[in-house]
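Take a look at the letters that make up each chain.
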Amino acid sequence: MSSSDIFIGETIGTAVLILLGGGVCAAVTLKSSKARDAGWLAITFGWGFAVLTGAYLAGGVSGAHLNPAVTVGLAIEGGTAWGDVPLYLGSQLLGAMIGALLVWAVYYGQFHAHLTDPEIIATTSTDEGMVDRAAAPKAGPVLGIFSTGPEIRNGVQNVITEIVATVVLVLAILTQGLNDEGNGLGTLGALITALVVVSIGLSLGGPTGYAINPVRDLGPRIVHSLLPLPNKGGSDWGYAWVPIVGPLIGGALAGGLYNLAFA
């Protein structure tokens, strides 16, 4: 496929992925949203359907990687040329940032109402005081809409969680090529991948929020840091390396494991 195919497919597909995935997080989190407090099931299925939609849109154009971990896994497996990897990754990051901006635009009024609510302001102020005393990392009250964060902050455990979850995801994608006489599953593959993402969220998402995709976390985190959101708090850059390093290692391990066990 051409460079323009890769750029267009990965940018649009990843933007839709983040728009719908970040959108369900905003719907569940923000005050004045009809879906507020809908819970973890809504988030996991929302992200699964987001993957399904993005992958279906981009599948026939760029192959719908939508995730640097998938791109790295496919490059190691041999299905993607290493020379195309930088374009894939750059397009995915751009798409993730566009998707995060669209979430902000769609929920603009809800963001303002939430972040100017006296209860949220009071909670944020209390959290900042605790952070100053305990020297703990600081995440703003709406950062979870844009990026992930751990329930227990332990760098080693958090990275291991992301590695394991990403290996499951990428290996499930790579082994689709073993079906239908090596021709893959076609559009059905997008559905299978979406269901795998739901499964990962339900089973492995509790510790870290299951980024399993570096640009899914990095692109929206950058947007969070730049947006003029009142009382938004910090972007927790001290944690940002975990959802980048963990999924990239997981994608590489999945590619190597596929070559050893399935090729």
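Procedures and definitions
Residues numbered from 1 in each chain as written. Predicted model: local features only at pLDDT ≥ 70, side-chain atom pairs only at ≥ 80, totals over all residues. Heavy atoms only, no water. 1 Å grid on protein atoms, 1.4 Å probe; cavity = no way out; pocket = protein on both sides within 12 Å on 5 of 7 lines; lining within 4 Å. Points joined across faces, edges and corners; volume = space filled by probe spheres on them. Helix = DSSP H or I, 4+ residues; strand = E, 2+ residues; numbered from the N terminus. Nonpolar A, V, L, I, M, F, W, Y, C, P; charged D, E, K, R; others polar. Buried < 20%, exposed > 50% of the residue type's maximum accessible area, 1.4 Å probe, protein only. Arc of directions from axis to C-beta. Polar contact = N/O pair within 3.5 Å; in protein donor to acceptor, adjacent residues only side chain to side chain. Contact = heavy atoms within 4.5 Å.

## A look at the layout of surface pockets
Any space left empty among the atoms is revealed by the rolling of a water-sized probe across them.
Then, number 1: Considering only enclosed or pocket space, the largest pocket measures out at about 940 Å³ in volume.
Then, number 2: What lines the largest pocket is a set of 41 residues, among which Gly63, Ala64, His65, Val70 and Ile173 lie closest to the centre.
Then, number 3: A total of six residues in the lining of the largest pocket trace back to one element, the largest contributor, which is helix α2 (residues 40-62).
Then, number 4: Residues belonging to the lining of the largest pocket are distributed by class as follows: 22 nonpolar, 16 polar and three charged.
Then, number 5: Taken together, 32 residues line the second largest pocket, and the ones lying closest to its centre are Leu143, Gly144, Ser147, Gly149 and Glu151.

## A look at helix α5 (residues 108-115)
Then, number 1: All of the buried residues in α5 are Phe111, His114 and Leu115. Seen along its axis, α5 keeps its buried residues to an arc of 85°; they face one direction.

## Describing the side chain of Lys232
Then, number 1: By the secondary structure assignment, Lys232 is in the loop between α10 (214-226) and α11 (242-261).
Then, number 2: Accessibility expressed as a relative area gives 14% for Lys232, which makes it buried.
Then, number 3: A distance of 2.8 Å separates the side chain of Lys232 from the backbone oxygen of Leu227, its partner in a polar contact.
Then, number 4: Lys232 has contacts with Leu115, Gly140, Pro141, His224, Ser225, Leu226 and Leu227, leaving out every residue within four places of it along the chain.

## What to know about unusual backbone geometry
Then, number 1: Even without being glycine, Ile212 reaches a positive phi, approximately 45°.
Then, number 2: Mapped onto the fold, Ile212 is located in the loop between α9 (188-204) and α10.
Then, number 3: Its identity is not glycine, yet Asn231 carries a phi of approximately 55°, on the positive side.
Then, number 4: Along the polypeptide, Asn231 turns up in the loop between α10 and α11.
Then, number 5: Taking the relative accessible area as the measure of exposure, Asn231 reaches 38% and is therefore partly exposed.

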